[in-house]
Amino acid sequence: MGLLSDPNRRRALIGLLTRLNAPICVVCYMAGVAWFMGLAFEPFTLRTYMSENAMGSTMVEERFPAGERALATGREFAAHKKKTGGMPVDWLVKTMQSRGLEVFTQRFSRRLPFPDEDKERYMVKGTNVYGILRAPRAPRTEALVLSAPCTAGDHNNQAVGLLLGLAQYFRNQVYWAKDIIFLVNEHDLIGMQAWLEGYHHTNTTGMDWSPLQGRGGSIQAALSLELSSDVVTSLDLVLEGLNGQLPNLDLANLFYAFCQKIGVLCTTQGKLQRNDWDSVSGYSHAVQTMMLMAMKQASGRPWGDHGLFLRYHIEAATIKGINSFRQYKTDATTVGRLLEGMYRKLNNLLERLHQSYFFYLMSSLSHFVSIGYYMPAFGLLGVILLLRALDLWVQLASPPPRTEDGVVDAEQVSSPGVLSVLTPLVISHLTGAALYTLPIHFQEMAVEHFPVSETEAVVLTAIAVYTAGLALPHNTNRLLTGQGTEQGWKVLKLVAVLYLAVLLGCTALINFSLGFILALTLVPVAAFVTPNVPKVLSAFVLVVLSPACTLLFSVFFFQELQEMPVSFLDGWMLYLSVISQGILDHALYGSLVYPLVALLVYPCWLLFWNILFWK
């Protein structure tokens, strides 16, 4: 406190920070990247542990015996699905009723803003079927959910069969203290969204659905099951939900504990855990796993049906069966026993899962990085913005230089007009608003005048608006206010730097991975851009570090992490698909990544583009 309260010491400190501003910024950037890369090194991570006392022991005896019968039920379900050309609603209702459940159906429909070419659908109509096993030993105020999506073709038939087998087995047990809801949803995420909205009496997406005729208690936890083969080599745990939300870490710990007990190979991000952490290959494997989780979280999309439960504060995850070329095989009976054990432990909960972490990254199922460990990596990048803002503030507050005859330079004295700063700020945000609204509203016009589909029209319109925005801010500023002053661009950059710092900080608090990836590319832009740097080279660097190019690089990098590299042409088509899917996820499920980029990140980047071409 004495250092800051003493004017002389304060001036000395500020002088030191401004004099060494550039070297300190470079060191902070390198330290932030190194800190993040070091998080995957096992000695720097924490070993997972069970925080919830009610689930602290796996000493329950799993007795589920009917794996083969469940597979037979799955084959019967597949035959009826093929016969009806969709979900066999009547058969499911009769089958669940025969197992002693209270069975209900829900019809829903949703017209997409533009066709989903990945799944070839535009007007979606379907039916959800769910059965409720009432708790015999409690007042039925709480519930657990086990769901299995009904997908087209031969996918996930075994999951539905195992769900029905577990329903029959659970019906004969007397220790349940919570209602258990067995849900088979049609059209994957759209059907799940309709059921959750109906269950909680909300309608946030404009979907048409019939009210639910039967409800259980308040849902405490949920698991979504995906099995497409009779045997699996490993079970993959999917955690990433809508807008980067994650379930309580104890849910992942519970899955890992029972996999270890029963002897099932378990993975996260499709990668097995390795024990050679002290080798280069072991560390590289952990980094790939952690980066895959970060990139999936940054996408903001739900990576399984569980992802929509998280917005209702329901801890949920997806368990996905993987059948690879490994010799180790796990049958349906073993998978059923694992689910039985997990539900018996969740049945013991006296309150919602809250003891463990909600913000974390995982390099494996046995090790995690908490928010207290990964936030300093972002903080080191954020310090750069504050240092640049301090440097600009000192330059603006310092007295203007005098000539040899003692006359003050008139250009330095003239203060910037309000319009010179306000104009690019307003125009940049209007451009962002156009990027957010025009792609969907102009798709019909584009289809009429160009030989493209609706989806291509939406994506190409978004790219056209994004590209056109590069010509607007500085030209508009020059047209309205003439030449800007030296003080003008400094004031604009000070506003832009502080704007970016607040924007990235708020984003990182909600979705760390998205905030960190944006900071990696936008912080260097904010640090070096001035009107005095070489225009052509700097413009090229700014475009390379723009949000659109960041997404393009992320697509290729994600494929490399998955060990599925693609050619440039395939990567470009995948890039266009990611853009359309991001717009569609926002319209269907409320994903916030597209409006965040269009309305805030892109306009903020345009401010730095304007500064580069300041006249």
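All figures in this text were calculated on a predicted structure; none of them were measured in a lab.

(A) Expanded view of the environment of S366. Here S366 shows up in the loop between β12 (360–364) and β13 (367–370). Residue S366 is classed as buried on the basis of its relative accessible area, which comes to 0%. Residues S366 and V124 lie 242 residues apart in sequence; the distance between their C-alpha atoms is 40 Å. Setting aside chain neighbours within four positions, we find S366 in contact with L46, R47, T48, Y256 and Q273.

(B) Spatial organisation of empty space enclosed by the protein. Going through the model one piece at a time under the given rule, you end up with six cavities of 30 Å³ or more. By volume, the largest cavity is sized at about 140 Å³. The wall of the largest cavity is formed by 15 residues, among which E42, R274, W277, A286 and S364 lie closest to the centre. Of all the secondary-structure elements, those providing two or more residues to the lining of the largest cavity are α9 (280–299) and β12. Here the lining of the largest cavity is built from residues that sort into five nonpolar, eight polar and two charged.

(C) Spotlight on the side chain of T330. Along the chain, the position of T330 falls in the loop between β11 (315–322) and α10 (332–346). Overall, T330 belongs to the buried group, its relative accessible area being 4%. If sequence neighbours within four positions are ignored, T330 has contacts with D230, V231, V232, V264 and V335.

(D) Layout of the pattern of salt bridges. This model, assessed by the stated rule, comprises ten salt bridges. For E61, the salt bridge goes to R63, with nearest N and O atoms at 3.1 Å.

(E) Local environment of the nonpolar core. Counting residues in each nonpolar core, the largest one holds 178 residues, and the members touching the most others are W195, F255 and F608. With 14 residues, helix α22 (residues 593–612) is the single largest residue contributor to this core.

(F) Geometry of the sheet that holds strand β9 (residues 266–268). Overall, mixed pairing links the ten strands, which are arranged β6-β2-β3-β5-β4-β7-β11-β8-β9-β10 in an open sheet. Two strands in the sheet have a free side with no partner beyond their single neighbour: β6 (208–209) and β10 (271–272). Relative to strand β7 (residues 218–226), strand β4 (residues 142–150) runs parallel, the two sharing six bridges. Paired with V145 across the bridge in β7 is A222. Contacts from α10 reach β4, β7, β8 (234–238) and β11 within the one sheet, and its direction differs from that of β7 by about 170 degrees. Each of β2 (102–116) and β3 (121–133) touches helix α21 (residues 568–589); the most contacted strand, β2, lies at about 135 degrees to it.

(G) Looking closely at the UniProt feature "transmembrane region" (unreviewed entry) in the protein chain. Per the UniProt annotation, the sites labelled "transmembrane region" (unreviewed entry) are residues 20–41, 357–390, 417–436, 496–529, 536–558 and 592–614. Counting secondary structure, residues 536–558 comes out at 91% helix and 0% strand; the distance between its end C-alpha atoms is 30 Å.

(H) Inspection of the layout of surface pockets at higher detail. Roughly 380 Å³ of volume is contained in the second largest pocket. Taken together, 17 residues line the second largest pocket, and the ones lying closest to its centre are M295, I517, L520, S554 and F557. Listed by contribution, the elements that provide at least two residues to the lining of the second largest pocket are α3 (21–38), α9, α18 (512–528) and α20 (547–561). It is α18 that provides the largest number of residues to the lining of the second largest pocket, a total of five residues. Residue classes in the lining of the second largest pocket are distributed as 13 nonpolar, four polar and no charged.

Here is what the cut-offs are and how they apply
- Residues numbered from 1 in each chain as written.
- Predicted model: local features only at pLDDT ≥ 70, side-chain atom pairs only at ≥ 80, totals over all residues.
- Heavy atoms only, no water.
- Helix = DSSP H or I, 4+ residues; strand = E, 2+ residues; numbered from the N terminus.
- Buried < 20%, exposed > 50% of the residue type's maximum accessible area, 1.4 Å probe, protein only.
- Contact = heavy atoms within 4.5 Å.
- 1 Å grid on protein atoms, 1.4 Å probe; cavity = no way out; pocket = protein on both sides within 12 Å on 5 of 7 lines; lining within 4 Å.
- Points joined across faces, edges and corners; volume = space filled by probe spheres on them.
- Nonpolar A, V, L, I, M, F, W, Y, C, P; charged D, E, K, R; others polar.
- Salt bridge = Lys/Arg side-chain N within 4 Å of Asp/Glu carboxyl O.
- Core = buried A, V, L, I, M, F, W, Y, C linked by side-chain atoms within 4.5 Å.
- Pairing = 2+ DSSP bridges.
- Axes fitted to C-alpha atoms, helices over the stretch in contact; angles between N-to-C directions.
- UniProt positions renumbered as here; feature names shortened; annotations may be inferred.

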